[in-house]
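Below, each chain spelled out in residue letters.
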Amino acid sequence: MGQVENRMIKAAGLAGVVAGDTAISTVGKEGLDLNYRGYSIGDLAEHSTFEEVAYLLIYGKLPNLSELDIYRRKLVGLRDMPRELKVSLEQLPSGAHPMDVLRTGVSVLGCLEVEMEFGDVREHADRLVGCLGSMLVYWYHFSRTGKRISLVSEETTVAGYFLDLLSGETPTDKHRRCMDVSLILYAEHEFNASTFAARVVTSTMSDYYSAIAGGIGALRGPLHGGANEKAMELIEQFTTADEAERELRAIFERKEKVMGFGHRVYRDSDPRSDIIKAWSRELSGGSEKAYLYPVSERIEKVMWDEKRIFPNLDFYSASAYHYCGVPTEMFTPLFVMSRVAGWSAHIIEERGVGKLIRPSAEYTGPQPKSYQPIEKRS
Ligand code: COA
């Protein structure tokens, strides 16, 4: 026949389309919590650490004590960056968006530590889990002060290392743990837009770094990962809950979206939101901007009362990150530092599928026309 059989299903934004199988996580399935490889997000956020979760996603099982110890040491050993990568980062302006910096850093690393003939992709995944924070904060300080910071830290976790590098001070236990929990919550979420982008790139038999760069590009937008920055831009306009409510009603009038709310798959709530909300409440106590928490709560209430739309993970992550001393433009890059574990698991899984992802489109263009030589065109 020369053409694919016509069994087409059309769904705007692929909503509701099952685009493949995965053994990595469940999102919004009847009777199932969000889970990573069978472990509920509640248990992981309460009892585990980001390194355990990254290991679970990338290696397929929770590590035992000695495996975790070896893994942590390995990640610490992967923090430093090649000189060429540092030099490249030093060329990027202070006004660049840190997501563009990470995307560039990943591309540069992909030129320096090329994935050879699909060796063990997990080595590259560990490399990025170990050094994405270094890329981000090295560039951040250099572009602002011209100072080449040391990438040596006493902190043994990805969360603590990031906070230490960022502020130059040992983080408090609470800040370190809040960051750790946030990295756990952001690590994986089935076929979301950025993971799907990484899987599409992988399905062409492209390399690991190209797939991750694609994921970063997709995550950057405010309908996906960029929502946590937009949520912060909203809440920081207010010092009282009443002010926030007034502006929210004006936003409704203008028919604009409120970033950090709603979800493609979840219908009533995002199981991650209450976990990070509790951290935001906890940290607000010691902060000069404690009012951001009641402001956020009022926005949540009005969104639910008026629209029946609930906060997703991004909404309370904004205030929680702010309370940890993280500048707003680093919120989405933090998402990358965590989601790289999930993307990597999906890249490994997609390679096992070995089928090109290539949907079809309905044609809406003009009917066939005769070609006019250029001198005859009006
Ligand atoms: N604020 C206001 N209204 C919202 C909304 C939000 N955050 N999210 C959804 N809605 C409304 C839409 O306006 C639409 O209303 P309508 O039917 O009257 O036009 C309806 O709810 C359905 O929304 P839609 O955008 O078509 O659903 P979707 O499944 O395509 O979108 C999101 C899912 C996540 C893209 C969407 O909820 C959104 O844009 N949220 C804000 C961005 C965000 O937080 N992204 C992070 C996701 S984890």
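Just above sits the structure.
Everything in this summary refers to the structure shown in the same document. Everything numeric in this text was worked out from a predicted model, so none of it was measured. (Residues numbered from 1 in each chain as written. Predicted model: local features only at pLDDT ≥ 70, side-chain atom pairs only at ≥ 80, totals over all residues. Heavy atoms only, no water.)

## Digging into the pattern of salt bridges
Alright, step 1. Scanning all chains against the criterion turns up 32 salt bridges.
Alright, step 2. Close ionic contact of Glu-113 with Arg-127 constitutes a salt bridge, the shortest N to O distance being 2.9 Å. With Glu-113 in the loop between helix H5 (98-112) and helix H6 (121-145) and Arg-127 in helix H6, the pair connects residues that are 14 residues apart, well separated along the chain.
Alright, step 3. Accessibility expressed as a relative area gives 8% for Arg-127, which makes it buried.
Alright, step 4. A single salt-bridge network, built from bridges that share partners, covers Asp-242, Glu-245, Arg-249, Arg-298 and Glu-306. (Salt bridge = Lys/Arg side-chain N within 4 Å of Asp/Glu carboxyl O. Helix = DSSP H or I, 4+ residues; strand = E, 2+ residues; numbered from the N terminus. Buried < 20%, exposed > 50% of the residue type's maximum accessible area, 1.4 Å probe, protein only.)

## What to know about unusual backbone geometry
Alright, step 1. Phi at Arg-37 takes a positive value of approximately 50 degrees, unusual for a residue other than glycine.
Alright, step 2. The topology assignment puts Arg-37 in the loop between strand E2 (35-36) and strand E3 (39-40).
Alright, step 3. Arg-37 gets classed as partly exposed once you look at its relative accessible area, which sits at 25%.

## Remarks on the packing of aromatic side chains
Alright, step 1. Within this structure, the stated rule accounts for 11 aromatic pairs.
Alright, step 2. Taking 6.0 Å as the distance between ring centres and 45 degrees as the angle between the ring planes, the aromatic pair formed by Tyr-293 and Tyr-316 counts as tilted. Remark: Tyr-316 occurs in helix H15 (residues 313-323) and Tyr-293 occurs in helix H14 (residues 292-307); sequence separation between them is 23 residues.
Alright, step 3. A centroid spacing of 5.1 Å and a plane angle of 80 degrees characterise the contact between Phe-315 and Tyr-316, whose relative ring orientation is edge-to-face.
Alright, step 4. With relative accessibility at 0%, the residue Phe-315 sits in the buried group.
Alright, step 5. Judged by its relative accessible area of 0%, Tyr-316 falls in the buried class.
Alright, step 6. Members of the aromatic cluster, each reached through a chain of ring pairs, are Phe-261, Tyr-293, Phe-315 and Tyr-316.
Alright, step 7. The positively charged end of Arg-79 is found above the aromatic ring belonging to Tyr-161, 3.8 Å away from the centroid.
Alright, step 8. Just above the ring of Phe-252 sits the side chain of Lys-307; from NZ or CZ to the centre is 4.8 Å. (Phe/Tyr/Trp six-rings, centres within 6.5 Å; stacked < 30°, edge-to-face > 60°. Lys NZ or Arg CZ within 6 Å of the ring centre and 35° of its normal.)

## Structural notes on helix H12 (residues 241-253)
Alright, step 1. Compared with the 18 Å implied by 1.5 Å per residue over 13 residues, the 19 Å span of H12 between its first and last C-alpha is a close match.
Alright, step 2. Where H12 is concerned, the buried positions are Ala-241, Ala-244, Glu-245, Leu-248, Ile-251 and Phe-252. Viewed end-on, H12 has its buried residues packed into an arc of 115 degrees, placing them on one side of the element. Residues of H12 that are exposed and point over 90 degrees away from its buried face: Arg-246 and Glu-253.
Alright, step 3. On its buried face, H12 is in contact with helix H11 (227-235) and H14. (Expected span 1.5 Å × (residues − 1). Arc of directions from axis to C-beta. Contact = heavy atoms within 4.5 Å.)

## Overview of the environment of Tyr-186
Alright, step 1. Position of Tyr-186 relative to the elements: it lies in helix H8 (residues 173-186).
Alright, step 2. In the structure, Tyr-186 is positioned 152 residues away from Leu-34 in sequence and 12 Å away in space, judged by C-alpha atoms.
Alright, step 3. Discounting residues that sit within four places of it in the chain, Tyr-186 has contacts with Tyr-36, Asn-228, Leu-313, Asp-314, Ser-317, Tyr-321, Phe-335, Ser-338 and Arg-339.

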